[in-house]
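# Survey of secondary and tertiary structure
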Amino acid sequence: MSRVLAIDGPSGAGKSTVARCLGRKLGFLHVDSGALYRILTWQALAYGIDTSSEDALTAFAPTVTVDFAVRDGAVVYAVAGQEPCDCIRTPEINQHASPVAKVPAVRTRVTAWLRGLRRFGDLVVEGRDIGSVVFPDSPARFYLDAAPEERARRRHTEEQQKGISALNADAVLASLLSRDRIDSSRAIAPLKVADGAQVLDTTRLSIEQVVQAVYDSLPTDWRTPG
Ligand code: DC
């Protein structure tokens with residue numbers, strides 16, 4: 001059975017960059033689970049589904065097919081031959097993704113997709129419920145956190161660099177806090193520290209320091225690539 005390094009935490013805690021670096025260092029494939037919730041949200045909006053209707057999303061989720069492939073050290077996704085890029089990172093998708101991710105049928109679909117990805121090999125999977133629900137048996141589960149203002153600052157800079165945000169820093173903070181609230185309070189698989197997960201506050205740490213801290217806490221026999 002392939003190995004899974006689980007990295008959870010709220011948005012802007014540094015999960016994506018840290019997960020990518022660790023994937024390269026360990027020879028594990030990077031898996032962005034949030035992108036799958038975003039893809040379901042993007043598809044729901046494209047098909048005119050009311051994202052506030054649990055019934056509509058419950059009927060819709062099983063109809064979405066995602067194709068998976070491995071490229072450049074990551075698992076990549078495509079829907080009907082199209083790889084979603086920044087179109088799943090817009091303020092509109094940000095706003096709709098948390099309500100969509102609350103729906104049990106959506107979570108069931110994404111969880112099944114994620115578990116199936118072990119067929120590709122060792123994985124470093126980032127998300128909200130990876131260590132608590134998707135891969136609770138992993139011996140390497142981490143929860144990255146940071147002060148909300150710092151998380152908003154990172155997200156804002158990232159969005160500006162990509163040229164995809166019309167929001168100012170305060171609005172980014174408000175949007176992030178609102179998503180945190182929904183993600184942490186939902187009934188199923190809420191954002192929380194998994195039992196036994198190691199918590200790292202990244203507020204004052206560089207990416208390199210976080211990567212090293214996670215690396216140093218991994219099971220000894222994981223610390224060589226391959
Ligand atoms: O990490 P992100 O911002 O791309 O995640 C998009 C949305 O999906 C966000 O509302 C949190 C949710 N999500 C989740 O509920 N469970 C995961 N494992 C990953 C993301």
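Residues numbered from 1 in each chain as written. Predicted model: local features only at pLDDT ≥ 70, side-chain atom pairs only at ≥ 80, totals over all residues. Heavy atoms only, no water.

Oppositely charged side chains can form a pair if their charged atoms are brought close together. One pass over the structure, following the stated rule, counts 10 salt bridges. Two residues, Arg155 and Glu158, come together in a salt bridge whose shortest N-O distance is 3.4 Å. Here the residue Arg155 and the residue Glu158 both occupy positions in helix H7 (residues 148–162), the gap between them amounting to 3 residues, near one helical turn. On the basis of relative accessibility, which here comes to 17%, the residue Arg155 falls in the buried class. With a closest N to O distance of 3.5 Å, Arg186 and Asp183 form a salt bridge. Both residues of the pair, Arg186 and Asp183, count as buried. Here the salt bridges share partners, and the residues they tie into one network are Arg128, Asp183 and Arg186. (Salt bridge = Lys/Arg side-chain N within 4 Å of Asp/Glu carboxyl O. Helix = DSSP H or I, 4+ residues; strand = E, 2+ residues; numbered from the N terminus. Buried < 20%, exposed > 50% of the residue type's maximum accessible area, 1.4 Å probe, protein only.)

What follows is about the nonpolar core. By size, the foremost hydrophobic cluster in this structure holds 35 residues, and its most contacted members are Leu36, Val66, Tyr77 and Leu114. A per-element tally of this core places helix H2 (residues 33–46) first, with 7 residues. Discounting residues that sit within four places of it in the chain, Val66 has contacts with Leu36, Ile39, Tyr77, Ala78, Val79 and Trp113. Grouped together as the second largest cluster of nonpolar side chains are 19 residues, Phe28, Phe142, Val211 and Trp222 included. (Core = buried A, V, L, I, M, F, W, Y, C linked by side-chain atoms within 4.5 Å. Contact = heavy atoms within 4.5 Å.)

Under the counting rule described, the total for this entry stands at 0 disulfides. Sulfur of Cys85: no disulfide; nearest cysteine sulfur belongs to Cys87 and is 6.6 Å away. Look at Cys85 and you get exposed, because its relative accessible area is 53%. Classification of Cys87 by relative accessible area gives partly exposed; the value is 32%. (Disulfide = S-S within 2.5 Å.)

Time to look at the site of the ligand. As a structural note, the neighbourhood of the ligand is formed by 16 residues, with Arg38, Ser98, Arg107, Arg128 and Asp129 the closest of them. The side chain of Arg38 places a nitrogen or oxygen atom 2.6 Å from an oxygen atom of the ligand. In this structure, Asp183 approaches the ligand through a side-chain N or O atom, which is 3.3 Å from an oxygen atom. Summarising the interface, the protein chains cover 97% of the accessible area of the ligand, which totals 450 Å² for the free molecule. Within the residue set of the shell around the ligand, elements represented by two or more residues are H2, helix H4 (91–101) and helix H8 (169–185). Per element, the largest residue contribution to the shell around the ligand is 4 residues, and it comes from H2. Looking at side-chain class alone, the shell around the ligand contains 4 nonpolar, 4 polar and 8 charged residues. (Near = heavy atom within 4 Å. Polar contact = N/O pair within 3.5 Å; in protein donor to acceptor, adjacent residues only side chain to side chain. Areas by Shrake-Rupley, 256 points an atom, 1.4 Å probe, with all protein chains shown as cover. Nonpolar A, V, L, I, M, F, W, Y, C, P; charged D, E, K, R; others polar.)

Within the element layout of this structure, Glu150 appears in helix H7. Of the polar contacts made by the side chain of Glu150, one reaches the side chain of Arg153; its length is 2.9 Å.

Next up on the list: the pairing of strand S2 (residues 29–32). Note on strand geometry: in a regular strand, side chains alternate between the two faces of the sheet. Here S2 shows two buried faces, one formed by Leu29 and Val31 and the other by His30 and Asp32. Inspection of the sheet shows S2 paired to strand S5 (residues 123–127) by 4 bridges, in the parallel sense. Within S5, the position partnered with Leu29 by the bridge is Leu123. (Pairing = 2+ DSSP bridges.)

Further remarks concern the pairing of S5. Of all 5 residues in S5, 5 are buried, a share of seventy percent or more. Burial along S5 is two-sided: Leu123, Val125 and Gly127 facing one way and Val124 and Glu126 facing the other are all buried. Examined bridge by bridge, strand S1 (residues 4–8) and S5 share 5 bridges and lie parallel to one another. Bridge pairing in S5 places Ala6 opposite Val125.

Below, the discussion takes up helix H9 (residues 207–216). Every buried residue of H9 is listed here: Val210, Val211, Val214 and Tyr215. Relative to the axis of H9, the buried residues are bounded by an arc of 130 degrees and lie together on one face. (Arc of directions from axis to C-beta.)

Right, let's talk about the packing of H7 against H8 for a bit. Following both chains from N to C, one finds H7 and H8 inclined at 115 degrees, their axes separated by 9 Å at the closest point. Crossing hand, H7 versus H8: right-handed. For the pair H7 and H8, contact is made by Pro148, Glu149, Arg151, Ala152, Arg155, His156 and Glu159 and by Ala169, Val172, Leu173, Leu176, Leu177, Arg179 and Asp180, respectively. Partitioned by chemical class, the residues of the contact of H7 with H8 number 7 nonpolar, 1 polar and 6 charged. (Axes fitted to C-alpha atoms, helices over the stretch in contact; angles between N-to-C directions. Left-handed = near helix turned anticlockwise from the far one by under 90°.)

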